[in-house]
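Residue-level listing of the chains:
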Amino acid sequence: MVQKTLKCSTCGNTLTLEVSTQEPTYATCPKCHTRAVYRPPPLVTKYTLQSSMETLQVTNVTKFYKAFKAVDDVSFSVKKGEIFGFLGPNGAGKTTTIKCILDLIHADKGMISVKGFDTRKEGKKAKQFIGYLPEKVAFYDNLTALQNLHFYAEMKQLPKEQCASLISLVGLEDVGQKKVGEFSKGMQQRLGMARAMLGSPSLLILDEPTNGLDARGVVLIREQIKQFRDKGVTIFLSSHILSEVQAVCDRVAIINKGRIVAQDTVDALRMRLQLKPKIVLELQEVTKEMIDAVEKLDGVDAVNVIGKMVHVMCKPYVKAQVIVTLTQKGAKIDNLHIMEPSLEEVFMKFTEETV
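Cut-off values and rules
Residues numbered from 1 in each chain as written. Predicted model: local features only at pLDDT ≥ 70, side-chain atom pairs only at ≥ 80, totals over all residues. Heavy atoms only, no water. Pairing = 2+ DSSP bridges. Helix = DSSP H or I, 4+ residues; strand = E, 2+ residues; numbered from the N terminus. Phe/Tyr/Trp six-rings, centres within 6.5 Å; stacked < 30°, edge-to-face > 60°. Buried < 20%, exposed > 50% of the residue type's maximum accessible area, 1.4 Å probe, protein only.

Undergrad: When you look at the sheet that holds strand β5 (residues 54-65) in this model, what are you seeing that I'm missing?
TA: Working definition: the strands of a sheet are paired by backbone hydrogen bonds and lie parallel or antiparallel to each other. Across the sheet, four strands lie side by side as β6-β5-β8-β9; this open sheet has antiparallel pairing. Strand pairing shows two members of the sheet lacking a second neighbour, β6 (68-79) and β9 (117-118), which therefore form its edges. Where β5 lies against strand β8 (residues 109-114), five bridges are found, and the strand directions are antiparallel. Paired with Gln57 across the strands is Ser113, a residue of β8.

Undergrad: I'm lost on the packing of aromatic side chains in this one. Help?
TA: Each aromatic ring pair is characterised by the separation of its centres together with the angle its planes make. Throughout the structure, instances matching the rule amount to nine aromatic pairs. On the numbers, 5.4 Å between centres and 20° between planes, the contact of Phe76 with Phe84 is stacked. A relative accessible area of 3% places Phe76 in the buried class. Judged by relative accessible area, Phe84 falls into the buried class, the value being 0%. Their ring planes at 15° and their centres at 5.9 Å tell us that Phe117 and Phe129 sit as a pair that is stacked. With Phe117 in strand β9 and Phe129 in the loop between α2 (123-127) and β10 (130-133), this pair connects stretches of sequence that are 12 residues apart. For Phe117, a relative accessible area of 23% corresponds to the partly exposed category. An aromatic cluster is defined as three or more aromatic residues linked by ring pairs; in this entry it consists of Phe76, Phe84, Phe86 and Phe236.

Laid out in structure tokens, this is it:
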């Protein structure tokens, strides 16, 4: 624990807290009663050497727009064959970070490397390993899907022969000779994915990859992302559809107000926040004896009864004990559903207003 003097973001009142150097510290401003949380900065060694297993290394990156600090000392690494989710509310710094990785804009401080190549000093070498799907894709409307890909293959000095197979890979083989101006938004998004995969890049940077897709398209892109991961491709995925991120990502980083506030697996972040699962049971009959027995279990926080439905909020290790206890009290369970804490809950907790 260390002592920190902090300023309330609502009323400007200063207060002194004993805060952890590793875990979030929750506090309430005594003046305006705003509940907030102090999160310690991630412990990162300045300009650490990149491991051979790391495809992307972002180290202590800061970016200003005049006096506004859009990205504040951001650090993370993404390993070979990993799907890494990058999350944050609007204006948190996601797009600025991605543009810095692509060297479309220059970071004011810090270092970014792709496959060991510094993106500032060796930009051309670094970019040859990157495939990029922007949030808003754009193509030449008067050209067909295949002609568009041929154009981009020529720009990258790649053989055109791969273009037809990429169009088939994203499910557009029936419209490959159709002008892109006649495509729906979802079809253009799929073509954008095909363009990103030109040249078999080692690192795919996907900004809202399922944007505009119907349910079938979402499933197709999700499966393709997993297949590329299985082939050793590194995926850097930014999306506001948190259920999709949870379905495919190995790890996530959450950025808020320009700073990384958390990064780990979703399960580890749930455990860190001590989020509790909910058990929903449908019983043939509910008795007071059953409910009393469950409420007495150590680790059970709340029990709510709605007709024959019993909702139990408890610590993860108590789930089996709840079921056993009900059975011992004569309960006949017709249906059972365990609702684990979602990525949405993790996201909301880590992006709360901070002191």
